[in-house]
Amino acid sequence: EHLYTEAKAENVPVVFLSVLRQFRQPSEGPRTVFLDQALNLPECHRFVEVFKRVAPESSSALAKLLHKPMSQRTPFQFALTAFGRDYIGITPYVESRLDVATDSQREILTYLALAYYYGHKALLSQVFASYLGHPEHIPLRFEKILQQPQLELLVEDNGQKWRPAHQLIAEEILRVVLSGASGDRRNWKRNLPEWAIDFIRICRRGVQTPSDDLIDLLRRVFILRDEHELLGTESAGLSHFAHLIEDIPTDEGKLSVLQELVNLFPKEAHFWGHLGRFYSIAMQEYEHALEAISRAIQLCPEDPVLHHMKGMCHRERAKARMRQLRRAEPAVEDILEVRDTVDKALETFA
């Protein structure tokens, strides 16, 4: 405005090009041109060639964007593919779309981000029907729940399954939303237990009978370590628990999430088993650990993994007791106690 006033006062002939970024398409006129975010194929090829020169290590990934649906061929996606975590445009891109979202829209995006960031899976939109007060017998379509700015953060997989468009977008959604009013992104994980528990409740409310696909998602988010079961190797350097559980900063928060998981899905043996592992490894509460693992074995008595968990619990209990007894001369009954625990471990492993 100041420049325009000065130019007009000096009677200087000048043309102003005003670039405005907004979500709504303005009405076009002789002096107004709308440039859509989706790129046509000639533009995509130009983007690929330019980004290849500055990020040659991403050449193959950039080329794959040419075969994506038109809605995913945007300048943002090209820059994100080229620069990955170093791309400074991620934060404003996600923030601007969350800023115009309602509370329920932000929550849906956050739960989808939890599922994808920690479980690497898309989530069926129908899971949110009960949560949103939508009739459960009528298909829930996110296209009617979310606005275009929020849909730009997501992609749809087969059969109304949705996920964030990129792992880094999922992470940024979690950072923005979970940091809350404080805005301190460094401490966003403090609110992870609350959101994780709400996510478990929504998954349980959303279905009358949990499907295999939903249970697989919950296992990936809360149980599996690096997407694999590495149960028997409780050695240093390996994560003891799932990525989400490890990210929670307090043992109390971790325990509350695992307890809610077994409370709402009590028939899942491995949920009980991993609650027992946590009691044993993190809390050293071996009675609670054996109680939870025994409950798991009742549900799946022929599962060798669960018996191995129980053997590891006896083993850890014996090792902890031996460490205590090194500090003083052990009595005979102490030795017998340790030997009994070792025998239980051997029997369980066998």
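Conventions we followed
Residues numbered from 1 in each chain as written. Predicted model: local features only at pLDDT ≥ 70, side-chain atom pairs only at ≥ 80, totals over all residues. Heavy atoms only, no water. Helix = DSSP H or I, 4+ residues; strand = E, 2+ residues; numbered from the N terminus. Expected span 1.5 Å × (residues − 1). Buried < 20%, exposed > 50% of the residue type's maximum accessible area, 1.4 Å probe, protein only. Arc of directions from axis to C-beta. Patch = residues over 30% accessible without salt bridge, like charges linked within 9 Å, V, L, I, M, F, W, Y side chains within 5 Å. Areas by Shrake-Rupley, 256 points an atom, 1.4 Å probe, with all protein chains shown as cover. Salt bridge = Lys/Arg side-chain N within 4 Å of Asp/Glu carboxyl O. Pairing = 2+ DSSP bridges. Polar contact = N/O pair within 3.5 Å; in protein donor to acceptor, adjacent residues only side chain to side chain. Contact = heavy atoms within 4.5 Å. Axes fitted to C-alpha atoms, helices over the stretch in contact; angles between N-to-C directions.

1. Some points on helix α17 (residues 332–349)
In an α-helix, one turn spans 3.6 residues, which is why side chains three or four residues apart end up on the same side.
So, step 1. When the terminal C-alpha atoms of α17 are compared, their 26 Å separation across 18 residues agrees well with the 26 Å that a helix rising 1.5 Å per residue should span.
So, step 2. By the burial criterion, the buried members of α17 are Asp 334, Val 338, Thr 341, Ala 345 and Thr 348. One side of α17 holds all its buried residues, which, seen down the axis, span an arc of 90°. Looking at α17, the residues exposed on the side facing more than 90 degrees away from the buried face are Val 332, Glu 333, Leu 336, Arg 339, Leu 346 and Glu 347.

2. Here's the deal with a nonpolar patch on the surface
So, step 1. Taken together, the side chains of Leu 3, Tyr 4, Val 12, Val 14 and Phe 16 define a hydrophobic patch exposed on the protein surface, amounting to about 490 Å² of accessible area.
So, step 2. Inspection of the secondary structure assignment puts Leu 3 in helix α1 (residues 2–9).

3. Some thoughts on the pairing of strand β2 (residues 154–157)
So, step 1. In this sheet, strand β3 (residues 161–164) lies alongside β2 in antiparallel orientation, the contact comprising 4 bridges. Residue Leu 154 lies in a different strand from β3, and its bridge partner there is Pro 164.

4. Considering the pattern of salt bridges
So, step 1. Evaluation of the coordinates by the stated rule reveals 17 salt bridges.
So, step 2. One salt bridge in this structure joins Lys 161 and Asp 213, with 3.1 Å as the shortest N-O distance. With Lys 161 in strand β3 and Asp 213 in helix α11 (residues 212–222), this pair connects stretches of sequence that are 52 residues apart.
So, step 3. Judged by its relative accessible area of 24%, Lys 161 is partly exposed.
So, step 4. Here Arg 317 and Glu 287 are joined by a salt bridge, their closest N and O atoms 2.6 Å apart. Taken together, the residues Arg 317 in helix α16 (residues 304–325) and Glu 287 in helix α15 (residues 286–299) connect sequence positions 30 residues apart.
So, step 5. What you see here is one network of salt bridges that share partners, running through Lys 121, Lys 161, Asp 213, Asp 216 and Arg 220.

5. Here's the deal with the side chain of Arg 225
So, step 1. For Arg 225, the position within the fold is in the loop between α11 and α12 (243–247).
So, step 2. The buried category is assigned to Arg 225, whose relative accessible area is 1%.
So, step 3. Within the local environment of Arg 225, its side chain forms a polar contact with the backbone oxygen of His 240, the two atoms lying 3.5 Å apart.

6. Quick word on the sheet that holds β2
So, step 1. The 3 strands are arranged β1-β3-β2 in an open sheet whose pairing can be described as antiparallel. Unpaired on one side and paired on the other, β1 (123–124) and β2 mark the two borders of the sheet.
So, step 2. Sheet topology note: the β1/β3 ladder contains 2 bridges and is antiparallel. Considered in β3, the bridge of Leu 124 is made with Lys 161.
So, step 3. The strands that helix α6 (residues 103–119) touches are β1, β2 and β3; relative to β3, the one it contacts most, it runs at about 85°.

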